[in-house]
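Tertiary structure, described
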Amino acid sequence: MEDSNDLGLPSLQKLQSAEQMELLDVVDSLRACGLSEIVALPQLIVCGDQSSGKSSVLEAISGIPFPRQEVLCTRFATEVILRRAAKDEIKVSIVPGEDRALIDRDRLLRFRRELKTKDDFGDLFKIAGEEMGLSSMGRPFSKDILRVEFCGPSQPQLTLVDLPGLIHTDLSDTISKTTGNVELVHNLVSGYLKSPRSIILAVVSAKSDISNQIIIRNAREVDPQGLRTLGIITKPDLLVKGSKMEESFMALARNESFKFSLGWHVVKNLDSAGNQNQDDRDRQEIIFFQESSFNRLPAHKIGIAFLRARLSKALFTQIGRELPRLVEDIQIQISAAKIARDKLGPSRSKPEQQQQFLMSLSQTFQNICRDAVRGDYEHEFFQGDANPERRLCANVMNMHFSFASNMRKNGASWLIDDGDVETSDQRSMHATQEESRKRGRRDYHLCQSFLTWYADRIFSQLPGLPNPLLVGELFRQYSRPWGDLARLHIKNVWDMTNRFLELLLRHLTDEDVCENLFRFWLYPIMEEKLNLAYSKLDELLEVHKDYPMTTNYHFITTSKIPRQDSSKRNLEAMLKDRLESGQDVSVGEITRMMSTISTNPDLDMDMMAAEEAFVNMNAYYEVAMNLFTDNVPTLVVQAPIIREVPKIFCPTAVFSMDADVVKRIAGETEEQIMERDSILRRLAILEEGALKCKQHAKRTQLGE
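Quick word on the overall build of the chain
Helix and strand counts for the chain stand at 25 helices and 11 strands. For the chain, the residues scored as buried account for 47% of the 704 residues in total. A sequence separation of at least 24 residues applies to 78% of the contacts in the chain between residues at least 6 apart. Split by element, the accessible area of the chain, about 35,200 Å² in all, is 53% carbon and sulfur.

So, in structure tokens, the structure goes:
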């Protein structure tokens, strides 16, 4: 292959200083490892309206012979990537557009060409267009990208992009039956213009009115202050000397009508009909500016030679401005790569390596689980995500409180009130159970339904005395919903714990290990814990199948309250009647009233016995429910499930695993091995790039 200098590329060396080239060497190494979509690289974007002379400008800057025609010069984006390498090489490829079908993507990705002489460029664009399916009667534009990489020891690290010209009206009626060409080209150009590290070369043709050229508006949209936009006026030789059109372009060149911070520059294009070389082009341009009205402009704003110098300065300024953000972007990617590396863990092709990997993983898992159970949230796992399910202890306690509240509202199968018996399904029609029970204590008139239930269960006993066995049966009927409510609570806590474990494993390791660890180890153990919790609950419920028993003094206190309240209400009613009638009441009369209340012969003995039974049951219900709402969280949930979480996957557990289980969990697929190698290579390049960028920034600061 001929030396790349024979292709007319030496002019590119003038675009970069030694200092710039050193930094761009680092940036190019990031591009080489495929990070160009993540870390934007400095590049020259040549864009303008259709037939504005873009390709001619790019050829004049670079020396690379882009095709020049009056109609549809550029029909797809062309990226010219200059890369320093030990060997001279020119590699040509096509990057398929996002809209390509899979079969077309594979075909375009296989496209390769070799360039040996300067004349090969003309054929290259034609062949690439045909490969993309472009034709005068078919698709006129493509989202595919032609990528030409020049490698060699003397090449600067830079990317130059030639884009299709912006179209004012869709030409599909005369060129192609395909619609949407205007939108396609505009979207393609906008994607490149938005890159914050690109230098925009906004090409404006003197052949067309300034106000009609779309590129000025588009450039200002993405770069409002013009910090990275340099306007270029082409075809000045087509202006009539002394005309208003010439004066308007003179004002534009002076940065008066449309202002860019980088200003404007004027160049004369190569004659598209001729076959001039680079030297002829430069000589003709010098002669033109000596004789034209544009010679009134400062010398550094006209001619291709000064344009290269201005681009060099603009490029260096842009690099300096973007360097801190470039370093920041690289650091973000370094952090992401380290997280991905740590999740994959070390290489583990051998059984002992797999066991060691699980040992290390389980130690971290156990420590975090221990903190989660205790409510210690200092670890980064709890801080790095706002997901509340990561805070296990807080979530479990909130669920316990909700369970206790639910028990008080819905724990009784029916309620006793002035009316009829209310079942749990009808409870929503009334006040809460707690309020209803309190109201029942105040009024305590049992309904006929309850008396009927009581009459069916009277055993051999003295009249008016409740059978103690009925208290237990009444309690069991009354507390029937307890089991279902408790099982629902257990299942909810168990599900939430599993979600916590999944979040933790996804934080600590990759998807495959997480899935296998759950499938072959954690889930079977958690199923055992759930069944054990249900068994513990059955033990608690089994106690209440026997005769009620308690040593809690609150039972005695609570069971006396309704009797005392009833006597007090009766006495108050009798005293109120006497006082309202204006009669005095002596101590003796009060004593007789109390005696009358206690010896009322009209009292219904069955009512008294039923009331006594319900009073005792209700008092026992209060004591039993308080104990139950404590025992379920502590003995049924915390003991077999929550407190066991740190133990289900710990170094001791790993040591007890069968070799087959270890392999299933920690064994690596070929894809994982390749992924780790890729991450490690990328991380090494990123860390080297970050170091060199920081060193460059430090030297720049010392130079100031």
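Some details on unusual backbone geometry
The backbone of Lys235 shows a phi angle near 55°, a positive value even though the residue is not glycine. Topologically, Lys235 is positioned in the loop between strand S8 (229-234) and helix H8 (244-253).

Describing a negative patch on the surface
Together, Asp512, Glu515, Glu670, Glu671 and Glu675 give the surface a local cluster of negative charge. Elements with a minimum of two residues in the negative patch: helix H18 (511-543) and helix H25 (670-703). Here Glu671 is to be found in helix H25.

Topic: the pattern of salt bridges
Going through the model one piece at a time under the given rule, you end up with 18 salt bridges. Here Glu131 ties to Arg107 by a salt bridge, and the two come within 3.3 Å at their closest N and O atoms. Here Arg107 lies in helix H3 (residues 102-109) and Glu131 lies in helix H4 (residues 120-131), a separation of 24 residues in the sequence. On the basis of relative accessible area, Glu131 is assigned to the partly exposed category, the value being 23%. Salt bridges linked by common partners bring Asp104, Arg107 and Glu131 together as one network.

Things to note about the confidence of the model for the chain
When pLDDT is low, close inspection of the predicted coordinates is not appropriate. Overall, the prediction assigns the chain a mean pLDDT of 76, with 70% of residues at 70 or greater. For residues 170-178, every residue scores under 50 in pLDDT, and the model assigns this stretch 22 contacts once sequence neighbours within four places are set aside.

Focus on the packing of helix H17 (residues 482-508) against H18
Between H17 and H18, the least distance of the axes is 10 Å, while the angle of their chain directions is 160°. Looking at the two axes, H17 sits roughly antiparallel to H18. Classified by chirality, the crossing of H18 by H17 is right-handed. Here the contact of H17 with H18 is composed, by residue class, of 17 nonpolar, 3 polar and 7 charged.

Observations regarding the pairing of strand S3 (residues 89-95)
In terms of strand pairing, S3 meets strand S5 (residues 145-152) through 7 bridges, oriented antiparallel. Bridging across to S5, Val95 finds its partner in Ile145. Pairing of S3 with strand S4 (residues 113-114) involves 2 bridges; the strand directions are antiparallel. Within S4, the position partnered with Val92 by the bridge is Arg113.

Looking at the environment of Glu59
Among the structural elements, Glu59 can be located in helix H2 (residues 54-62). Accessibility expressed as a relative area gives 7% for Glu59, which makes it buried. Along the sequence, Glu59 and Asp162 sit 103 residues apart, while their C-alpha atoms lie 9.8 Å from each other.

As for the side chain of Asn631
Relative to the helices and strands, Asn631 is located in helix H21 (residues 605-638). Look past the residues within four positions of Asn631 in its chain and what remains in contact with it is Leu540 and Val636.

A closer look at the packing of aromatic side chains
One pass over the full model with this rule turns up 14 aromatic pairs. On the basis of an interplanar angle of 65° and a centroid distance of 5.2 Å, the ring pair of Phe288 and Phe289 is categorised as edge-to-face. Here the two residues Phe288 and Phe289 agree in accessibility, since each one is buried. Linked through ring pairs, Phe475, Tyr478, Trp482, Tyr620, Tyr621 and Phe628 together constitute an aromatic cluster.

Cut-offs and rules
Residues numbered from 1 in each chain as written. Predicted model: local features only at pLDDT ≥ 70, side-chain atom pairs only at ≥ 80, totals over all residues. Heavy atoms only, no water. Helix = DSSP H or I, 4+ residues; strand = E, 2+ residues; numbered from the N terminus. Buried < 20%, exposed > 50% of the residue type's maximum accessible area, 1.4 Å probe, protein only. Contact = heavy atoms within 4.5 Å. Areas by Shrake-Rupley, 256 points an atom, 1.4 Å probe, with all protein chains shown as cover. Patch = residues over 30% accessible without salt bridge, like charges linked within 9 Å, V, L, I, M, F, W, Y side chains within 5 Å. Salt bridge = Lys/Arg side-chain N within 4 Å of Asp/Glu carboxyl O. Lys, Arg positive; Asp, Glu negative; His and termini not counted. Charge placed at Lys NZ, Arg CZ, Asp CG, Glu CD. pLDDT = per-residue confidence, 0-100. Axes fitted to C-alpha atoms, helices over the stretch in contact; angles between N-to-C directions. Parallel < 35°, antiparallel > 145°, perpendicular 65-115°, else oblique. Left-handed = near helix turned anticlockwise from the far one by under 90°. Nonpolar A, V, L, I, M, F, W, Y, C, P; charged D, E, K, R; others polar. Pairing = 2+ DSSP bridges. Phe/Tyr/Trp six-rings, centres within 6.5 Å; stacked < 30°, edge-to-face > 60°.

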